[in-house]
Amino acid sequence: MTKQDPNRDSLIGAVDLEDDSVEEVPVAPEKGGRDPAPDPQSIEIPEVLPVLPLRDAVAFPGTIMPLSVSREKSKRLLDLALSGDRLICAVAQRVPEKEDPKLDDLYRIGTACLILKMYKLPDGTEAIVVHGIVRVGIERLTSEQPHLEARVHPRHDSEEVTTELEALMHNARHAAHRILELSPNVPQEARVVLDSIRTPGGLADFLAANLSLSLAHKQEVLETLDVSARLRKTHATMEGQLDVLELSRKIQTQVRSQLDTAQREHYLREQLKAIQKELGHEDARSSEIERLHAKVKEASMPDGAEAEAQREMDRMANIHPSSPEYSVALDYVTWLCSLPWAVATKDRLDIRRAERILNQDHFGLEKVKKRILEFLAVRKLKPDGRGPILCFAGPPGVGKTSLGKSIARALGRKFIRMSLGGVRDEAEIRGHRRTYIGSMPGRVVREIRKAESNNPVFMLDEVDKLGSDFRGDPASALLEVLDPQQNHTFTDHYLDVAFDLSNVLFIATANYMDPIPKPLLDRMEVIHISGYTLREKLEIARNYLVPRQLEENGLKPKQVVFDSEVLTRLVTGYTREAGVRNLERQIGAVCRARAAAFVRGSKGATKVTVESVEADLGPPLVEPQVAASVATSGVATGLAYTPTGGDILFVEASLMPGNANLNLTGQLGDVMRESAQAAFSIVRSRARELGIDPADVLRHDYHVHVPAGAIPKDGPSAGCAMLAALVSLLTKRCIDPQTGITGEITLRGRVMPVGGIKEKVLAAHRSGLRRVILPDLNKRDLHEIPQDIRDQLDFVFARTTDDVLAHAFAPDESKPAKKKKIASTSTVKRASRKRKPSTAGRSPKKKAHRKRIAAGSSR
């Protein structure tokens with residue numbers, strides 16, 4: 001059941017009065033026992049009638065219409081009317097939003113209506129069905145409480161029918177029949193009702209009540225007392241609606257006939273083309289095709305691309321410009337003409353200038369600068385050589401993206417950056433085929449067109465964050481782009497012709513190398529960029545970050561001065577990162593605080609102090625993880641490599657009564673859990689050599705935890721640290737808290753090399769460690785560590801787990817218990833189970849065997 005707003009006393013739209021949820025209220029007969037539905041023509045209108053205000057509805061004489069009643073005052077009016085003669089005055093409100101209308105809020109002409117039926121709806125509103133009887137004019141209100149009552153006088157239509165009125169009725173009825181023919185879904189009963197109306201006023205009122213008119217227009221018709229004028233207004237309105245319906249029918253007929261006239265239009269177009277050619281005129285399509293021909297010649301396309309463009313232009317000549325195929329072909333040729341097929345910037349091969357620019361923009365990064373200068377030297381000796389495919393791998397904030405801009409400036413090339421983070425659709429790289437609506441080339445071709453050069457520096461940012469789903473694998477699409485042997489014939493799905501990318505200098509960036517597929521990684525020359533040391537961060541902050549933040553905050557170098565002590569405090573107390581992004585953010589915060597102070601009129605000191613930094617930024621945000629120097633048994637300090645650089649982690653071990661079970665927590669990955677199992681196996685298999693009672697090992701359960709538990713961890717490099725923590729726990733000897741341990745272990749006790757040595761050593765230095773135990777095979781990686789860092793750390797290179805344990809414990813714990821006594825004790829325990837033999841007749845082989853056992857225990 002559909003109805004209007006329950007707060008409105010107005011016409012109900014399509015009320016289902018046969019719904020079971022609608023309760024019909026019996027209508028009481030008039031006084032004297034009259035029938036509840038008398039003839040409306042025989043009803044005498046009293047001088048005073050209850051007034052029912054209507055919102056957005058107008059009641060006309062001679063029409064039957066449902067009304068919804070929800071206001072309490074209106075409901076009281078209905079109760080009074082139903083108990084009497086059931087006559088009301090229905091009049092429209094001037095302002096529908098008025099909740100309690102007065103006389104000035106109502107129109108002065110309404111309709112006297114007879115209530116035929118009344119229904120109670122489920123939402124609490126009441127619905128009535130009324131029959132309009134006659135127009136009435138409201139003279140004045142006689143009562144406003146408990147409902148509106150007014151003195152009215154009827155306005156009957158003239159019963160005289162002239163020839164003019166008959167003509168007007170004929171025209172109005174004819175227009176109404178025409179509207180019924182053009183309007184769909186109109187019941188046949190409407191024609192019967194229309195033909196049964198004989199009076200001019202009744203016809204005008206019926207048509208006005210059923211036409212789509214505004215409230216003001218309907219009220220205007222109701223207030224038109226002259227029947228002739230009322231018919232003219234109604235007829236004029238119908239003529240306007242009839243024009244709209246006929247135009248709509250005409251448009252439908254034209255659309256339907258377009259398919260039938262396609263061949264005729266083609267014939268006429270060809271004739272028109274011949275006539276225009278004779279007259280020396282060209283149509284818009286011909287001029288557009290000629291313009292495309294000129295662009296194709298200017299673009300200097302390869303033969304294959306030019307042939308494809310020519311084929312599409314030939315198709316355009318035979319397609320109507322209004323056809324979708326025409327616009328698809330036009331866009332395709334426009335794309336081909338807009339690409340820089342033969343446009344390239346000239347490389348500036350001055351090595352000294354390039355080196356000066358790289359040093360101006362970045363501090364350090366010697367490996368990257370050396371590789372770029374080598375590329376310039378090779379390009380100068382062999383101008384037609386292919387460009388390298390570089391990949392800068394390192395933690396965030398070390399300058400990978402800005403380094404690409406510096407390389408472009410040093411080479412004198414255009415710079416393009418395309419972020420690949422979160423890209424999951426292969427079409428983002430290679431485009432969509434032209435069969436799809438709204439298709440376009442991929443990002444590679446689109447960025448090349450924006451650069452207007454075929455040899456830009458193209459940076460593929462965050463290549464390690466590519467995704468894949470049902471739409472394809474973007475990493476696989478990059479294989480052709482980043483392969484120097486294939487990218488000279490790169491084919492975009494939209495262009496479907498080869499475009500040469502061999503002159504482009506591609507530079508990819510990544511934080512972590514593991515997510516990159518191996519085939520894609522094999523096509524790139526990886527240059528690892530490690531985190532900065534404290535000295536490097538101070539130089540970068542002093543020479544690059546501070547001047548840039550002063551300029552961005554509108555300050556002059558003399559207004560704010562940062563000394564080395566303040567910069568060191570910012571680096572060590574407010575940032576903990578491999579790069580300098582957060583450091584620049586903190587410097588900017590200090591500059592903004594100084595800028596605000598200057599604007600307020602403060603004339604304080606221009607030099608920034610440690611105290612002023614704490615006042616601006618609050619207390620230090622970062623505390624060294626190795627702040628406590630107290631050694632604890634069962635705790636070892638490991639070194640980890642993360643996508644944001646190196647870091648330290650603590651390996652904690654504890655024991656409790658049990659059956660030699662091992663529990664591992666801290667979100668450890670499979671490889672790291674296997675390292676813990678290997679360490680525990682070594683402890684159990686070599687318990688006597690390590691000074692541990694084997695029986696004591698079997699009487700306990702062990703728990704190894706690696707904080708923080710919310711961060712996933714994996715990798716084999718924590719094996720040495722886990723072994724040291726377990727040995728420390730069982731021997732109750734403390735490991736030196738100033739010693740960091742890293743290395744993979746085997747069941748034979750060998751220490752295998754691991755990766756990320758530079759990042760781990762830098763993390764150890766940042767965290768305040770003084771000694772680092774590394775695998776012996778990682779000695780070759782020390783050259784990557786700055787000399788000042790190497791001078792401040794003590795490096796121990798271990799080949800076996802014995803070497804790790806010999807240097808891991810605190811200085812006061814470095815001397816273990818005499819293992820010969822332990823070996824002798826264990827030997828005595830084994831011998832006590834048997835009969836004690838005499839030692840006099842012991843053979844020399846057995847004596848030698850006992851010496852080897854003792855020697856192994858001391859080792």
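For clarity, every value in this text was computed on a predicted model and none was experimentally measured.

**Here we look at the overall build of the chain**
- On a plain count of helices and strands, the chain comes out with 29 helices and 25 strands.
- In the chain, the proportion of contacts linking residues at least 24 apart, taken out of those at least 6 apart, comes to 74%.
- Total accessible area computed for the chain in this model is approximately 44200 Å², and 51% of it derives from carbon and sulfur atoms.

**A word on the sheet that holds strand 13 (residues 505–510)**
- Taken in spatial order, the five strands line up as 9-10-13-8-14 in an open sheet, and their pairing is parallel. Each edge of the open sheet carries a strand with a single partner, namely strand 9 (415–419) and strand 14 (525–528). Taken pair by pair, the neighbouring strands of this sheet meet at an average axis angle of 20°, ignoring direction.
- Where strand 8 (residues 389–393) meets strand 13, five bridges bridge the pair, whose relative direction is parallel. Note on strand 13: the bridge partner recorded for Leu-390 is Ile-507.
- The strands touched by helix 13 (residues 400–411) within the sheet are strand 8, strand 9, strand 10 (457–461) and strand 13, with strand 10 carrying the most contacts at an inclination of about 175°.
- Along the sheet, helix 15 (residues 443–451) makes contact with strand 9 and strand 10, crossing strand 9 at roughly 155°.

**Structural notes on the environment of Asp-736**
- In this structure, Asp-736 sits in the loop between helix 24 (719–731) and strand 21 (739–741).
- In this structure Asp-736 comes out as buried when scored by relative accessible area, which is 13%.
- In terms of polar contacts, Asp-736 uses its side chain to reach the backbone amide nitrogen of Gln-738, at 3.1 Å.
- At 3.1 Å, the side chain of Asp-736 forms a polar contact with the side chain of Thr-739.

**Brief notes about the pattern of salt bridges**
- Following the criterion strictly, the structure yields 40 salt bridges and no others.
- A salt bridge links Arg-434 to Glu-312; the shortest N-O distance between them is 3.6 Å. One end of the pair, Arg-434, is in the loop between helix 14 (427–430) and helix 15; the other, Glu-312, is in helix 9 (residues 303–317), and 122 residues separate them in sequence.
- Arg-434 gets classed as partly exposed once you look at its relative accessible area, which sits at 22%.
- Across the pair Lys-465 and Asp-464 runs a salt bridge whose closest N-O atoms are separated by 3.4 Å.
- Here the residues in one salt-bridge network are Glu-308, Arg-311, Glu-312, Arg-315, Glu-325 and Arg-434, joined through shared partners.

**Some remarks on the pairing of strand 13**
- Where burial is concerned, most of strand 13 is hidden: six out of the six residues are buried.
- Across the two faces of strand 13 the burial is the same, with Leu-505, Ile-507 and Thr-509 and Phe-506, Ala-508 and Ala-510 all buried.
- Inspection of the sheet shows strand 10 paired to strand 13 by four bridges, in the parallel sense. Residue pairing across strands places Val-457 opposite Leu-505, the latter belonging to strand 13.

**Looking at the pairing of strand 9**
- Of the two faces of strand 9, only one is covered, namely that formed by Ile-416 and Met-418; the face formed by Phe-415, Arg-417 and Ser-419 stays uncovered.
- In this structure, strand 9 lies alongside strand 10, joined through five bridges in parallel fashion. Counterpart to Ser-419 in the pairing with strand 10 is Asp-461.

**Overview of the packing of aromatic side chains**
- As enumerated under the stated definition, the model contains six aromatic pairs in all.
- Seen from their ring centres, Phe-680 and Tyr-702 are 5.2 Å apart, and the 55° between their planes marks the pair as tilted. Taken together, the positions of Phe-680 in helix 22 (residues 670–685) and Tyr-702 in strand 20 (residues 700–705) put the pair 22 residues apart, joining distant regions of the chain.
- Residue placement shows Arg-449 over the ring face of Trp-335; its charged tip is 3.8 Å from the ring centre.
- Taking NZ or CZ as reference, Lys-779 lies 5.3 Å from the ring centre of Phe-797, over its face.

**Looking at the packing of helix 11 (residues 351–361) against helix 12 (residues 366–381)**
- Two elements in contact, helix 11 and helix 12, have axes separated by 10 Å at closest approach and are oriented at 155°. The angle between the axes of helix 11 and helix 12 places the two elements in the roughly antiparallel class. Handedness of the helix 11/helix 12 crossing: right-handed. Side by side, helix 11 and helix 12 meet where Ile-351, Ala-354, Glu-355, Leu-358 and Asn-359 of the first sit next to Lys-369, Ile-372, Leu-373, Leu-376 and Ala-377 of the second.
- Looking at side-chain class alone, the contact of helix 11 with helix 12 contains seven nonpolar, one polar and two charged residues.

**Thoughts on helix 16 (residues 474–481)**
- Burial runs high along helix 16: six of the eight residues are buried.
- Taken together, the buried positions of helix 16 are Pro-474, Ala-475, Ala-477, Leu-478, Glu-480 and Val-481.
- Where helix 16 is buried, its residues meet helix 14, strand 10, strand 11 (490–491), strand 13 and helix 17 (518–522).

**Describing the side chain of Thr-237**
- Along the chain, Thr-237 turns up in helix 6 (residues 227–258).
- On the basis of relative accessibility, which here comes to 13%, the residue Thr-237 falls in the buried class.
- Beyond its immediate sequence surroundings of up to four residues, Thr-237 is in contact with Leu-211, Leu-213 and His-217.

**Brief notes about unusual backbone geometry**
- A cis amide bond links Gln-145 to the next residue, Pro-146, at an omega of 0°.
- Relative to the helices and strands, Pro-146 resides in the loop between strand 6 (126–143) and strand 7 (149–155).
- Here the phi dihedral of Gln-667 falls at roughly 55°; this positive angle occurs in a residue that is not glycine.
- With respect to the secondary-structure elements, Gln-667 resides in the loop between strand 19 (662–665) and helix 22.
- Overall, the relative accessible area of 42% leaves Gln-667 in the partly exposed class.

**A closer look at the side chain of Lys-758**
- Counting through the fold element by element, Lys-758 comes out in helix 25 (residues 757–766).
- In this structure Lys-758 touches Ser-530, Glu-784, Ile-785 and Pro-786, once residues within four positions along its chain are discounted.

**A few points about the environment of Asn-359**
- Here Asn-359 shows up in helix 11.
- By relative accessible area, which is 35% here, Asn-359 ends up partly exposed.
- The sequence separation of Asn-359 and Ser-406 amounts to 47 residues, and the corresponding C-alpha distance is 9.4 Å.
- The contacts of Asn-359, once residues within four sequence positions are left out, are Lys-369 and Tyr-544.

**Digging into the confidence of the model for the chain**
- Mean pLDDT over the chain: 79, with 85% of residues reaching 70 or higher.
- Segment residues 814–859 is flagged for pLDDT under 50; beyond a separation of four residues in sequence, or across chains, it makes 18 contacts in the model.

**A closer look at the packing of helix 18 (residues 534–552) against helix 19 (residues 564–574)**
- Viewed as axis vectors pointing N to C, helix 18 and helix 19 meet at an angle of 115°, and their least axial separation amounts to 10 Å. Between helix 18 and helix 19, the angle falls in the class roughly perpendicular. Helix-helix and strand crossings are classified by hand; for helix 18 and helix 19 the assignment is right-handed. When helix 18 is examined against helix 19, the residues Leu-534, Lys-537, Leu-538, Ala-541, Arg-542 and Val-546 are found in contact with a partner set consisting of Ser-564, Leu-567, Thr-568, Val-571 and Thr-572.
- A per-class count over the contact of helix 18 with helix 19 returns six nonpolar, three polar and two charged.

**So, helix 5 (residues 215–223)**
- Here helix 5 has its buried residues at Leu-215, Lys-218, Gln-219, Val-221 and Leu-222. End-on view of helix 5: buried residues confined to an arc of 155°, all on one side of the axis.

**Details of the environment of Thr-435**
- Along the polypeptide, Thr-435 turns up in the loop between helix 14 and helix 15.
- On the accessibility criterion, Thr-435 (72% relative accessible area) is exposed.
- C-alpha separation for the pair Thr-435 and Tyr-494, spaced 59 residues apart in sequence, amounts to 9.0 Å.

Definitions and cut-offs
- Residues numbered from 1 in each chain as written.
- Predicted model: local features only at pLDDT ≥ 70, side-chain atom pairs only at ≥ 80, totals over all residues.
- Heavy atoms only, no water.
- Helix = DSSP H or I, 4+ residues; strand = E, 2+ residues; numbered from the N terminus.
- Contact = heavy atoms within 4.5 Å.
- Areas by Shrake-Rupley, 256 points an atom, 1.4 Å probe, with all protein chains shown as cover.
- Pairing = 2+ DSSP bridges.
- Axes fitted to C-alpha atoms, helices over the stretch in contact; angles between N-to-C directions.
- Buried < 20%, exposed > 50% of the residue type's maximum accessible area, 1.4 Å probe, protein only.
- Polar contact = N/O pair within 3.5 Å; in protein donor to acceptor, adjacent residues only side chain to side chain.
- Salt bridge = Lys/Arg side-chain N within 4 Å of Asp/Glu carboxyl O.
- Phe/Tyr/Trp six-rings, centres within 6.5 Å; stacked < 30°, edge-to-face > 60°.
- Lys NZ or Arg CZ within 6 Å of the ring centre and 35° of its normal.
- Parallel < 35°, antiparallel > 145°, perpendicular 65-115°, else oblique.
- Left-handed = near helix turned anticlockwise from the far one by under 90°.
- Nonpolar A, V, L, I, M, F, W, Y, C, P; charged D, E, K, R; others polar.
- pLDDT = per-residue confidence, 0-100.
- Arc of directions from axis to C-beta.

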